[in-house]
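Per-entry structural report
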Amino acid sequence: MSNELLYLSRGDVQALAIAPSEAREAVLQAFRDHAAGLNQSLPKSALGLGPGHGFQAMTAASSAQSIATLKWVSMAPVPPKSPVPGINALICVSDYASGAPIAVLDGDEITLIRTAALSAAAASRLAPPAPRTIGFVGCGLQAHAHLAAFLDLYPGLTSALLFSRSRASAESLAEAASARGLETEVVEDADLLLAQSDIVISMVPGAPGLRPFLDANRMKPVSFASAVDIGRSWRPETLPAFDVLVTDSLAQSSAPYDVDGQPVTTVRFQHDLVELADAPHPTAAERRSFFCFRGFALADLALAHLVVAKARIAGIGVKLPR
């Protein structure tokens, strides 16, 4: 049993400069391993205390990666422009065979990378092959991570539309997108964004009084949407407008979720990334497709494994006595 525990802070994880392509492939490999029976996970365990307020635990183990992980996430409502984060996470890593603790990782940065990688992995299996315009509904930190992930996957993107309750966050994302060579426009009409985007990423946080406002009927006939917000921003009665509906794991979710965190009754998921990890969906790239996910523990495990391996090579992190 090791007498040392590696601790990686958010700054340590950022210093590793995980490439979007690395993260995307790590996530896809985790789903391939799952299909091959090489790893296991439990559905997310959630303790809800109110809208946007609660705690979650995500556990996974992989014989292929020789580790097991537990991700602990807390969520609490925060007012707009608050300097206090609304989501906080830690990831504990143990040796698969012995159970000995190996590392404790800041989960916030890993979650940003993992979530964008999941969206991009799904897009690589579902989205139109040559999108030009990407639309962001919500422009916080996740939007910046998704901007990097999707520009890596689709370097031919030419423009970005941005919709946010915070003008400042939309302008910050517009500045970042402009610096990457995209034409940008901050819009105040969500329907306009949906109608003009080949790819839409919805990232609306839970909050008291939130009402769904995105209409799937407004999407282009050939387009892709990733609901990072588990679907809460989409009007449930419009979701049948999507031809192909996919989640990360059908064992975890059967349908998108409403503003109260309950599965909607208007549609059901047809496929998951466990099924699609090896090859794209045969028709989704020519239709409207929708990817909605709660977060798969095996994706966190995949990123934790990548982060720990790179940190050891680079000599990054603090070794703590046990």
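Data block above holds the structure.
Here is a short report on the structure shown in this document.

**Considering the overall build of the protein chain**
When its secondary structure is counted, the protein chain shows 8 helices and 16 strands. Its C-alpha radius of gyration of 19 Å places the protein chain within 12% of the 20 Å reference for a compact globule of 322 residues. Seen through its C-alpha atoms, the protein chain measures out along the principal axes to roughly 60 × 40 × 40 Å. Counting only residues that meet the buried cut, the protein chain has 51% of its 322 residues in that class. Looking at the protein chain as shown, the accessible area adds up to about 13,800 Å², and 54% of this sits on carbon and sulfur atoms.

**Quick look at the sheet that holds strand β11 (residues 199-202)**
Pairing in this open sheet of 8 strands is parallel, and the strands run β10-β9-β8-β11-β12-β15-β13-β14 from one edge to the other. Each edge of the open sheet is held by one strand with a lone partner, namely β10 (183-186) and β14 (271-272). In this sheet, strand β12 (residues 223-227) lies alongside β11 in parallel orientation, the contact comprising 4 bridges. The residue of β12 that forms the bridge with V200 is A225. In the packing of helix α5 (residues 167-179) onto the sheet, contacts are made with β8 (133-137), β9 (159-163) and β10, and the angle to β10 comes to roughly 175 degrees.

**Considerations on the pairing of strand β4 (residues 53-62)**
Moving residue by residue along a regular strand, the side chains alternate between the two faces of the sheet. Of the two faces of β4, the one lined by G54, Q56, M58, A60 and S62 is fully buried and the one lined by H53, F55, A57, T59 and A61 carries no buried residue. When strand β2 (residues 39-41) meets β4, the two strands line up antiparallel, connected through 3 bridges. The partner of N39 across the bridge, within β4, is S62. Examined bridge by bridge, strand β3 (residues 45-50) and β4 share 5 bridges and lie antiparallel to one another. Of the residues in β4, the one forming a bridge with G48 is G54. Taken together, β3 and the strand that follows it, β4, pair antiparallel across an intervening segment of 2 residues, in which G52 is found at a positive phi of about 65 degrees. Inspection of the sheet shows β4 paired to strand β5 (residues 67-75) by 9 bridges, in the antiparallel sense. When the sheet's bridge partners are listed, G54 is paired in β5 with M75. Where β4 folds back on β5, the antiparallel hairpin that results is connected by 4 residues, among which S66 adopts a positive phi of roughly 60 degrees.

**Side note on the packing of aromatic side chains**
Evaluation of the coordinates by the stated rule reveals 8 aromatic pairs. Measuring from ring centre to ring centre gives 5.8 Å for F55 and W72, while their planes differ by 15 degrees; the resulting arrangement is stacked. Of this pair, F55 sits in strand β4 while W72 sits in strand β5, and the two are 17 residues apart along the sequence. Taking relative accessible area as the criterion, F55 reaches 29% and is therefore assigned partly exposed. Ring geometry for W234 against F242: centres 5.5 Å apart, planes inclined by 70 degrees, an arrangement best described as edge-to-face. Here W234 and F242 have matching classes, each one buried.

**Focus on a nonpolar patch on the surface**
On the surface, Y7, V318 and L320 cluster together into a nonpolar patch covering about 220 Å² of accessible area. Topologically, Y7 is positioned in strand β1 (residues 4-8).

**A short note on the pairing of β11**
Residues of β11 alternate between two faces, with I199 and I201 on one and V200 and S202 on the opposite face, all of them buried. Relative to β11, β8 runs parallel, the two being bridged by 4 bridges. Bridge pairing in β11 links V137 to S202.

**Re the packing of helix α3 (residues 107-126) against helix α4 (residues 141-153)**
In contact at an axis separation of 9 Å, α3 and α4 are set at 40 degrees when each is read in the N-to-C sense. As far as their axial angle goes, α4 and α3 are oblique. The two elements α3 and α4 meet at a crossing, and its hand is right-handed. Taking contact as the criterion, the partners of T111, L112, T115, A116, S119, A120, A123 and S124 in α3 are, on α4, L141, Q142, A145, H146, A149, F150 and L153.

**Thoughts on the packing of α4 against α5**
Axis angle and axis distance: for two packed helices, these are the angle between their axes and the distance between the axes, and together they describe the pair. Two numbers describe how α4 lies on α5: the axes approach to 10 Å, and their chain directions differ by 15 degrees. Relative to α5, the element α4 is oriented roughly parallel. Note that α4 runs across α5; the crossing there is right-handed. Facing α4, whose interface residues are A143, H144 and L147, α5 presents S172, L173, A176 and A177.

**Details of α3**
Note that an α-helix has 3.6 residues per turn; residues three or four places apart therefore point the same way. An ideal rise of 1.5 Å per residue puts 28 Å on 20 residues; α3 measures up with 28 Å between its terminal C-alpha atoms. Most of α3 is tucked away: 19 of the 20 residues are buried. Capping the start of α3 is the job of one residue whose side-chain oxygen sits 3.2 Å from the backbone nitrogen of D108: D106.

Criteria and thresholds
- Residues numbered from 1 in each chain as written.
- Predicted model: local features only at pLDDT ≥ 70, side-chain atom pairs only at ≥ 80, totals over all residues.
- Heavy atoms only, no water.
- Helix = DSSP H or I, 4+ residues; strand = E, 2+ residues; numbered from the N terminus.
- Rg over C-alpha atoms; globule rule 2.2 N^0.38 Å.
- Buried < 20%, exposed > 50% of the residue type's maximum accessible area, 1.4 Å probe, protein only.
- Areas by Shrake-Rupley, 256 points an atom, 1.4 Å probe, with all protein chains shown as cover.
- Pairing = 2+ DSSP bridges.
- Contact = heavy atoms within 4.5 Å.
- Axes fitted to C-alpha atoms, helices over the stretch in contact; angles between N-to-C directions.
- Phe/Tyr/Trp six-rings, centres within 6.5 Å; stacked < 30°, edge-to-face > 60°.
- Patch = residues over 30% accessible without salt bridge, like charges linked within 9 Å, V, L, I, M, F, W, Y side chains within 5 Å.
- Salt bridge = Lys/Arg side-chain N within 4 Å of Asp/Glu carboxyl O.
- Parallel < 35°, antiparallel > 145°, perpendicular 65-115°, else oblique.
- Left-handed = near helix turned anticlockwise from the far one by under 90°.
- Expected span 1.5 Å × (residues − 1).
- Polar contact = N/O pair within 3.5 Å; in protein donor to acceptor, adjacent residues only side chain to side chain.

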